[in-house]
Each structure stands twice: as C-alpha cells, then as structure tokens.
Amino acid sequence: MLSMDALQFGLSIWRIVGLTFISGTSCESLTPLQFYPTYISSLNLYGIKLLDNNLFPLAHCPKLRTLGIIKSSIADFVPLSYCFNLTTLDLSESLIEDLTPIGKLEKLESLFLNGTKIVDLSPLSSLNSLQIISLSHSNISEISPLCSLTNLKVLHLSFTQVENVIFLFFSFFLSFF
C-alpha cells in the first residue's frame, strides 16, 4: 500500500505499477496519478479527503476498470464521466447525490451506492451492461428506471424506502418471451 504523500514526492514508475489502494485522512491532490496513467487499472480511495476535491486526474487513466471512493469527502463526481472503461464503481457512503456523470459509463457492470443520499436512478436507465446494483441503506424509494436494464442480475435494496418491486418481476418475465 502506498500513501498519497509518497506519490506527491514523485515515485518512479516501477514503484507505482502495483498501486491499488490509497487511504488516509487527507492529501493535496490526485494529480500525480495522471503521470502514470497506463499502470493503474484498479484503485480504492478509501476515506480520502482531497484538499483540491478534484477527481479529474482519474480521467487520464485509460486502463482504470475498478474504482472505489468509499467514505470520502469528495462531492464533485463529474470527472468520473470521463472514466469510460470503468466496469466496477463503489461510491458507498460517499457524498454523491446526482448520478448523471455515472450515466455515461456504458461499460459499467457493477455499481455500489450503499449509504448514499441518491434518490433519482433515471441516469442509470441506459446502462445496459449493469449486472449488479447495490443501494442498501440509501434514500431510494423509486426503482422503475431500472426496468430497462436487461442484464441486471443482482439488486440489493435492503434498508431502503422501496415498497414496490412487482414491475421488476413483470419486466424480467417479459424478457424471456
């Protein structure tokens, strides 16, 4: 595990190849990551507080497939809309409130939004690659935008305000005919 402080002192490429996890209370910026874009395919920013609150350097990582921004103070998730190759995204217990940037991630297969303040799932309605969505402990009450997701296999809704899932079963039944 490498600390962000170590990154900010300019590690050589051979030392950053194995980067998968950055944790800590705060760091200045993710900017050093954009200097090693082809070496990062999986990154977990657990509990990180970025002083510049900027995720845009992640957009410069074309091989980034798995990203976790869990229990983070980051509030602006727009730069994630440029992470076109993401297949797994975990924003559990983050400050995300608008899924519009996530709605542009066409290769996304797994999305974890546990413990968030999300209320509108409509930006996800065109993400046909989604197979797993976890919304436990979130503010969701309406899941009808997920009806169009033909590849959805797992939907976690425990401790949400969702009361009616009948249309999902009906939608699933019709997809076999």
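The structure we're discussing is the one just above.
Model, not experiment: these values are computed from the prediction.

Now for the packing of aromatic side chains. This model, assessed by the stated rule, comprises two aromatic pairs. Centroid distance Phe 56 to Tyr 82: 5.8 Å. Interplanar angle 75 degrees. Geometry classified as edge-to-face. Of the two residues, Phe 56 sits in the loop between strand 2 (42-46) and strand 3 (66-68) while Tyr 82 sits in the loop between strand 3 and strand 4 (88-90), which places them 26 residues apart along the sequence. Overall, the relative accessible area of 37% leaves Phe 56 in the partly exposed class.

Here Ser 110 lies in strand 5 (residues 110-112). Given the relative accessible area of 11%, Ser 110 is considered buried. Measuring from C-alpha to C-alpha, the distance between Ser 110 and Asp 90 comes to 8.1 Å, with 20 residues separating the pair along the chain.

What follows concerns the side chain of Asp 90. Here Asp 90 lies in strand 4. We note that Asp 90 is buried and unpaired, the nearest opposite charge coming from Lys 71 at a distance of 11 Å. Polar side-chain contacts of Asp 90 include one of 2.6 Å to the side chain of Ser 92.

Calculation criteria
Residues numbered from 1 in each chain as written. Predicted model: local features only at pLDDT ≥ 70, side-chain atom pairs only at ≥ 80, totals over all residues. Heavy atoms only, no water. Phe/Tyr/Trp six-rings, centres within 6.5 Å; stacked < 30°, edge-to-face > 60°. Helix = DSSP H or I, 4+ residues; strand = E, 2+ residues; numbered from the N terminus. Buried < 20%, exposed > 50% of the residue type's maximum accessible area, 1.4 Å probe, protein only. Lys, Arg positive; Asp, Glu negative; His and termini not counted. Salt bridge = Lys/Arg side-chain N within 4 Å of Asp/Glu carboxyl O. Polar contact = N/O pair within 3.5 Å; in protein donor to acceptor, adjacent residues only side chain to side chain.

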